[in-house]
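These are the residues of each chain, in order.
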Amino acid sequence: QLQFVESGGGLVQPGGSLRLSCVAPGFTLDYYAIGWFRQGPGKEREGVSCISSSAVNSTNYADSVKGRFTISRDNAKNTVYLQMNNLKPEDTAVYYCAAERTYAMCRLTLSWYDYWGQGTQVTVSS
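A brief report on the enclosed structure follows. (Residues numbered from 1 in each chain as written. Predicted model: local features only at pLDDT ≥ 70, side-chain atom pairs only at ≥ 80, totals over all residues. Heavy atoms only, no water.)

Another aspect to go through is the overall build of the protein chain. Looking only at helices and strands, the protein chain features 0 helices and 11 strands. Listing every helix and strand of the protein chain by position from the N terminus yields β-β-β-β-β-β-β-β-β-β-β. Relative to the 2.2 N^0.38 estimate, which gives 14 Å for 126 residues, the radius of gyration of the protein chain is 13 Å and therefore close to what a compact globule would have. Based on the C-alpha atoms only, the size of the protein chain along its principal axes is roughly 40 × 25 × 25 Å. Looking at the protein chain as a whole, 43% of its 126 residues qualify as buried. Considering only intrachain contacts with a sequence separation of at least 6, the fraction spanning at least 24 residues in the protein chain is 60%. Here the protein chain has roughly 6,400 Å² of accessible surface; of this, 45% comes from carbon and sulfur atoms. The distance from the centre of the 11 positive side-chain charges to the centre of the 10 negative ones in the protein chain is 4 Å. (Helix = DSSP H or I, 4+ residues; strand = E, 2+ residues; numbered from the N terminus. Rg over C-alpha atoms; globule rule 2.2 N^0.38 Å. Buried < 20%, exposed > 50% of the residue type's maximum accessible area, 1.4 Å probe, protein only. Contact = heavy atoms within 4.5 Å. Areas by Shrake-Rupley, 256 points an atom, 1.4 Å probe, with all protein chains shown as cover. Lys, Arg positive; Asp, Glu negative; His and termini not counted. Charge placed at Lys NZ, Arg CZ, Asp CG, Glu CD.)

Following this line, the structure appears as C-alpha cells:
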C-alpha cells in the first residue's frame, strides 16, 4: 500500500513562500500522476495542482493558484514538490498529496486518485 510522507507545511506571512514535498518510500513516483489538493476552513477539498507521470509530463493548476504555485518532480530524489509563492490568507488549508497509476494522466478531481497522504497544514497569516 502506497503511503505518502508529506512535509513543508507551516506558518507563513502573506506574500511569503513555502515548498511542500511528497514522497512514498518503496514506490517510484515517476510512474504515478500526482495531485495536490487542499481543504480550507469550512470549505470542500479542492484540486490545486497536478502532474502526470514522467512519461506524460503535463501539469494542471487551479485558476486560483496559476502564476503563484509550481508543481514539479525530482526523479533522482523520488519526490514531488509544490512550490507556493506569493501566498495569500485564502491559501490557508490542509494540503494533501494524492497518487494515481492506472492512467498516469492527472486530473484536478478527487475521485481520480487512489492513494492519499495525511495532509500538512499551511497557514498564511500576519
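In this section: the sheet that holds strand β7 (residues 69-74). If you walk across this open sheet you meet the 4 strands as β1-β3-β8-β7, and the pairing is antiparallel. Bordering the open sheet on either side are β1 (5-7) and β7, each of which pairs with just one other strand. In this sheet, adjacent strand axes meet at a mean angle of 15° when their direction is disregarded. Relative to strand β3 (residues 18-23), β1 runs antiparallel, the two sharing 3 bridges. (Pairing = 2+ DSSP bridges. Axes fitted to C-alpha atoms, helices over the stretch in contact; angles between N-to-C directions.)

Most often, soluble globular proteins have nonpolar side chains that are buried together. Counting 27 residues, the largest nonpolar core has Phe4, Ile34, Trp36, Leu82, Met84 and Tyr95 as its most contacted members. Of all the secondary-structure elements, those providing two or more residues to this core are β3, β4 (33-39), β5 (46-51), β7, β8 (79-84), β9 (93-100) and β11 (120-124). The element contributing the most residues to this core is β9, with 4 residues. In contact with Met84, not counting residues within four places along its chain, are Gly16, Ser17, Leu18, Leu20, Arg68, Phe69, Tyr95 and Val122. (Core = buried A, V, L, I, M, F, W, Y, C linked by side-chain atoms within 4.5 Å.)

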